[in-house]
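Observations on chain architecture
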Amino acid sequence: MFSIIMPVYNNEKYFPLAVKSILEQDYENFELIIIEDGSTDNTPELADKIAAFDKRIRVIHQKNQWIYASFNNGIKAAKGDYIYIVNSDDKLMPGALLLMAKKAEAFQPDIIWTKVVANVCDSEQRIIEYDKFRLDGKVTQEKYYGNAKEVQKAWPYFISSSLAYNQANLYRREVMQGQLFRNDVYGADVLYNISIANKINSALVLQEPIYMHYIYEISNMNASIGKYYPYVHSMYNEIYEQYKILFQKWNLPREDYEILCKRRISGLTTEIRGLQAENCPLSLEEKLKFAFDSCMDETVRECIQKIDGEEEAESRILSGVRELLIRENMDPYSSMYFVYELLESLLRYEKDREDYRKIEDAVYHPLNPYNIGNNFYKKIIQGK
């Protein structure tokens, strides 16, 4: 039997559709545990009304505790052999449960990694862009890993294919119980998979997409996307450091660490774009100081050095900063005005002597301790 856990908070519009995607499955041996997280709209009444029509549905009402606490409470209440978590504004693909049930019976793995297809949609969940992040194509074949050593060797693939970067997977109940999701960062699902990695002795990767995730074109409708989180930098660092410890314990070859470094450097884009969010309390000057100094800490520098990623890191920082400066006006008397001059001169097609001076001054400015822009400056000078 499967236990389907669905956390829900103030989502009276979409969560009945998520429930519908489960009840319409052609596999019936499941329980659906709805964790109602202290909603203030009509969600609690709606959840109870839905449960009254199907004995497989249970509703647990709780005071508001946030989503990962809801995961934990659902896991504690689960009775199934396997657990699957479905967010209340997402859906399961038709036939998903039957397919997973057949594979679970055939292979009896500790985990079935399942693909998430992220779709941009309108307020009625009509799809505008299918598979926005092109995750469907990252897994092209089914594969079974029959022992812990095989699972460990394949883990870099689980990362690169984004399978290990969410909780939308079928977990054996014994693997999940006794291990809690953290409830303080939005990347707790990634950290959870790291925390249970040593308990997984067999795994199956499914080729077919199972989970439909919706990203709303109106940004304020999304639960976490497009918002500023002051902890995001330390969270990305922690994910990298925890994976590094795990890979060292497993004695994985050094080249497997590259995926960790690439992921950490790519996170710079997310961090700097987060500074554009309406809820970000920082001034433009503070945002630029973060981009040109604080974000290039020891962990990020380590990743840059391991994969010779200086140019990529600079590109991500400068691109993100350019987006900031398009949205906000730069005070010419600001101590960070050199950033504006750096980008303006770098992007000018026909540069004069003054542009070269501004670029050089910005690259070696005291408030640019890591000389961001230097790679591009060198290329410009070489091409003169």
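Here goes a summary of the coordinates provided. Fair warning: this is a prediction, and the values are worked out from it, not measured in the lab.

**Regarding the packing of helix α1 (residues 15-23) against helix α2 (residues 43-51)**
Between α1 and α2, whose axes approach to 11 Å, the crossing angle comes to 20 degrees. Accordingly, the angle class assigned to the pair α1 and α2 is roughly parallel. Crossing hand, α1 versus α2: right-handed. Across the interface between the two elements, Phe 15, Pro 16 and Val 19 of α1 pack against Thr 43, Leu 46, Ala 47 and Ile 50 of α2. Among the residues forming the contact of α1 with α2, the class breakdown is 6 nonpolar, 1 polar and no charged.

**Topic: the pairing of strand β10 (residues 203-216)**
Counted residue by residue, β10 has 10 buried out of 14 residues, so it is predominantly covered. Sheet topology places strand β5 (residues 91-92) next to β10; 2 bridges connect them, and they run antiparallel. Bridging across to β10, Lys 91 finds its partner in Met 212. Pairing of strand β6 (residues 111-121) with β10, which is carried by 10 bridges, proceeds in the parallel orientation. Note that in β10 the partner of Ile 112 across the bridge is Leu 204.

**Thoughts on the packing of aromatic side chains**
Taken as a whole and assessed by the stated rule, the structure comprises 25 aromatic pairs. Measuring from centroid to centroid gives 5.4 Å for Trp 66 and Tyr 68, while their planes differ by 80 degrees, and the two rings are edge-to-face. Since its relative accessible area comes to 35%, Trp 66 is described here as partly exposed. Both rings, one in Phe 107 and one in Tyr 144, keep their centres 4.9 Å apart while their planes meet at 35 degrees; by these two values the pair is tilted. Taken together, the residues Phe 107 in helix α4 (residues 96-107) and Tyr 144 in strand β8 (residues 143-145) connect sequence positions 37 residues apart.

What counts, and at which threshold
Residues numbered from 1 in each chain as written. Predicted model: local features only at pLDDT ≥ 70, side-chain atom pairs only at ≥ 80, totals over all residues. Heavy atoms only, no water. Axes fitted to C-alpha atoms, helices over the stretch in contact; angles between N-to-C directions. Helix = DSSP H or I, 4+ residues; strand = E, 2+ residues; numbered from the N terminus. Parallel < 35°, antiparallel > 145°, perpendicular 65-115°, else oblique. Left-handed = near helix turned anticlockwise from the far one by under 90°. Contact = heavy atoms within 4.5 Å. Nonpolar A, V, L, I, M, F, W, Y, C, P; charged D, E, K, R; others polar. Buried < 20%, exposed > 50% of the residue type's maximum accessible area, 1.4 Å probe, protein only. Pairing = 2+ DSSP bridges. Phe/Tyr/Trp six-rings, centres within 6.5 Å; stacked < 30°, edge-to-face > 60°.

Everything listed is a geometric property; what it means functionally is a separate question.
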